[in-house]
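The residues making up each chain are set out below.
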Amino acid sequence: MDTNDKRESVGRKLIEFSESLYHTLRDRAVECEEKRDISDRTIEDLVNGGLIRSTVPKRLGGYEIDYRTAMLICAAISRGCGSTGLVAANMLGCTLTTALWPEQAQSDVWNESIDTIVTGTLIFPKGVAQKVEDGYILSGRWPFGTGINMSSWNMFGASVKNNITNENEELRMFLVPKKDWEVIDTWRSGSLKGSGSHDVEVHNKFVPSYRTISVKEQLGDCAPGCKINNAPVYKLPIFAMFFSWIGSVVLGIAEGAVYDFEENTKSRITNYTAHRLRDLTPIQIKSADARMSVDTARRIYLQNCDEAMRIVQHDNLPTKAERIRWRGEGAFAARLCVNAVDLVYTSSGGGGLYDHNPISRAFRDVHGAQAQITQSFDINSTTYGRFLLGLESDNKLL
C-alpha cells in the first residue's frame, strides 16, 4: 500500500468513526446545551478516536489529513450535535495551524502529547501587542472562545502597535498557554448553546517571538513550520481555507435536519386532519428542495477543498482569484444549507417548535453558524463581486 492509499485508508476510518458518534452526540445534545459546553466524555471520544491528532504532522505521529477529510469529519459530528461540531472544527483547524509555527513552538505544544487541544480566537481588533526584547506583550479580551474550557493552548489574533507612533503596524497570531489567559463566563446564547464560546482575556502577558507569526506568513507555503512539515495540506493559505471549517458545521447541521425530517415525515400523521404528511404535494416539493440544497452545498464545499489540494500537490499556490472565489462559494453553499433547514423547520408544524426537537435545534444552530464571518453571504459575496468588477479586494487576509 503506497502513501496515498494509506492516507486515504486512515481518512476513511476517521470519517467512519465520526459518523459512528451520531447517536451518542444526539443523545448528549440536550445536556450539552444545558451545560453550555461539551462534556468530558465527548472530549474523550474525540481523543480516543484519533480526531484531535488527525491534523497533527505525520512526523510527530499524527495523520496530517487533507481538507476534504477534515470537512467530512466535522460535518459528521455536526449532524449529531452542532455545538460539538463547532468545537471540533475549531480544535482541528487550530491544531493544523499549529504546524505552521516555528519548531520550538510546536515542541511546546506537542512535547507531552500530540492529543493536546489547541483552540483559537482570531479576532484581530480585540487584541493589542507591543514589541519588546525577544517577544511581545499581549493584552486583550476576545469573544467567541469556542471550546476554550477544554483547551490547553489558544491562538489569539492581535494588532501590533508601533512603539513610536502607537499606530497599528501589522497583524500577528500569538500562541498562548492556558496559565496565561482567563475565561470569562459569557456564553449564554440562542444558538450553538453547548459550544462554550466564552470571552477570553489576556492581560500584559509576555509571548516569546517563536510563539508568534504574522498574517503574511500564513498566506501560503511561507510559514516557518513549512520547513519541517512539508505535506501539501500545510502549504495552503489558512484564511482562504476558512470556508471549510465553519462550512463543515453548517453542512452537517443541515444534513442532520434534512435526514430527521425525511425519516419523521415518512410515518407522520397530521394532528388535525389525520392525513399522512408525505402525501401532501407541498411537503414533497419542500423535501426535494431541502435535499437538493444540502447535496449541492456539499458538492461546492468538497470540490473547492479538492481543487485547493490539487493546486498545492503540484507545487503551486492558489491565486488571489481562487482564494476569493472559494470564500464566496463557501458562503453561497452556507446559504443553501440555511435554506434547507428553514424549509424543513417551517414544514414541521407545531412539533418543530419544541426545544427538544432536533430540527428546532438545527434551525437555531445553522443560523448561528452562518453568522460567522467566513459563512456570511453578504460579506464574502461583496469581496467576490468587487474582484469580478475589477475593484481592489476588501479582505486583507486573502
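Residues numbered from 1 in each chain as written. Predicted model: local features only at pLDDT ≥ 70, side-chain atom pairs only at ≥ 80, totals over all residues. Heavy atoms only, no water.

(A) Spotlight on helix H4 (residues 67-80). Its 14 residues place the ends of H4 21 Å apart at the C-alpha level, agreeing with the 20 Å of an ideal helix rising 1.5 Å per residue. The element H4 is largely enclosed, with a buried count of 13 among its 14 residues. The distance from a side-chain oxygen at the start of H4 to the backbone nitrogen of Arg68 is 3.4 Å, and the residue carrying that oxygen is Asp66. (Helix = DSSP H or I, 4+ residues; strand = E, 2+ residues; numbered from the N terminus. Expected span 1.5 Å × (residues − 1). Buried < 20%, exposed > 50% of the residue type's maximum accessible area, 1.4 Å probe, protein only. Polar contact = N/O pair within 3.5 Å; in protein donor to acceptor, adjacent residues only side chain to side chain.)

(B) Summary view of a nonpolar patch on the surface. Residues Phe387, Leu388, Leu389 and Leu391 make up a contiguous nonpolar surface patch of roughly 430 Å² in combined accessible area. Counting through the fold element by element, Leu388 comes out in helix H11 (residues 377-388). Given a relative accessible area of 55%, Leu388 falls into the exposed group. (Patch = residues over 30% accessible without salt bridge, like charges linked within 9 Å, V, L, I, M, F, W, Y side chains within 5 Å. Areas by Shrake-Rupley, 256 points an atom, 1.4 Å probe, with all protein chains shown as cover. Salt bridge = Lys/Arg side-chain N within 4 Å of Asp/Glu carboxyl O.)

(C) Geometry of unusual backbone geometry. Its identity as a non-glycine residue notwithstanding, Asp134 has a phi of 65°, on the positive side. Its place among the elements puts Asp134 in the loop between strand E2 (127-132) and strand E3 (135-145). In this model, Asp315 sits at a positive phi of 60°, which is unusual for a non-glycine residue. Examined against the element boundaries, Asp315 turns out to sit in the loop between helix H8 (281-313) and helix H9 (320-346). Under the relative-accessibility criterion, Asp315 is labelled exposed at 63%.

(D) Expanded view of the nonpolar core. If you look at the biggest cluster of nonpolar residues, it comprises 99 residues, and the most contacted ones within it are Tyr67, Ile73, Met173, Leu175, Val250 and Tyr301. If near-sequence neighbours (up to four positions away) are discounted, Val250 is found in contact with Tyr301, Ala334, Cys337, Val366, Ala369, Gln370 and Gln375. Membership of the second largest hydrophobic core comes to 14 residues, among which are Ile148, Phe156, Phe174 and Trp181. (Core = buried A, V, L, I, M, F, W, Y, C linked by side-chain atoms within 4.5 Å. Contact = heavy atoms within 4.5 Å.)

(E) Summary view of the packing of helix H2 (residues 22-35) against helix H10 (residues 358-370). Between H2 and H10, the shortest axis-to-axis distance is 12 Å and the interhelical angle comes to 55°. Put simply, H2 runs oblique to H10. In the crossing of H2 with H10, the sense of the turn from one axis to the other is left-handed. Contacts from Arg26, Ala29, Val30 and Glu33 in H2 reach Pro358, Arg361, Arg364 and Asp365 in H10. Class assignment for the residues of the contact of H2 with H10 results in three nonpolar, no polar and five charged. (Axes fitted to C-alpha atoms, helices over the stretch in contact; angles between N-to-C directions. Parallel < 35°, antiparallel > 145°, perpendicular 65-115°, else oblique. Left-handed = near helix turned anticlockwise from the far one by under 90°. Nonpolar A, V, L, I, M, F, W, Y, C, P; charged D, E, K, R; others polar.)

(F) The environment of Asn111, seen in detail. Inspection of the secondary structure assignment puts Asn111 in the loop between helix H6 (103-110) and strand E1 (118-121). Among the residues examined, Asn111 registers a relative accessible area of 63% and is labelled exposed. On a C-alpha basis, the gap between Asn111 and Leu60 in space is 9.3 Å, while along the polypeptide they are 51 residues apart.

(G) Quick look at the packing of aromatic side chains. A full pass over the atoms with the stated rule returns 10 aromatic pairs. Between Tyr136 and Phe174 the ring centres are 5.5 Å apart and the planes differ by 80°, which places this aromatic pair in the edge-to-face class. Separated by 38 residues along the polypeptide, Tyr136 in strand E3 and Phe174 in strand E5 (residues 168-177) bring together distant segments of the chain. Look at Tyr345 and Phe363: their rings are 4.0 Å apart centre to centre, the planes differ by 15°, and that puts the pair in the stacked class. With a gap of 18 residues between them, Tyr345 in helix H9 and Phe363 in helix H10 connect regions that are remote in the sequence. (Phe/Tyr/Trp six-rings, centres within 6.5 Å; stacked < 30°, edge-to-face > 60°.)

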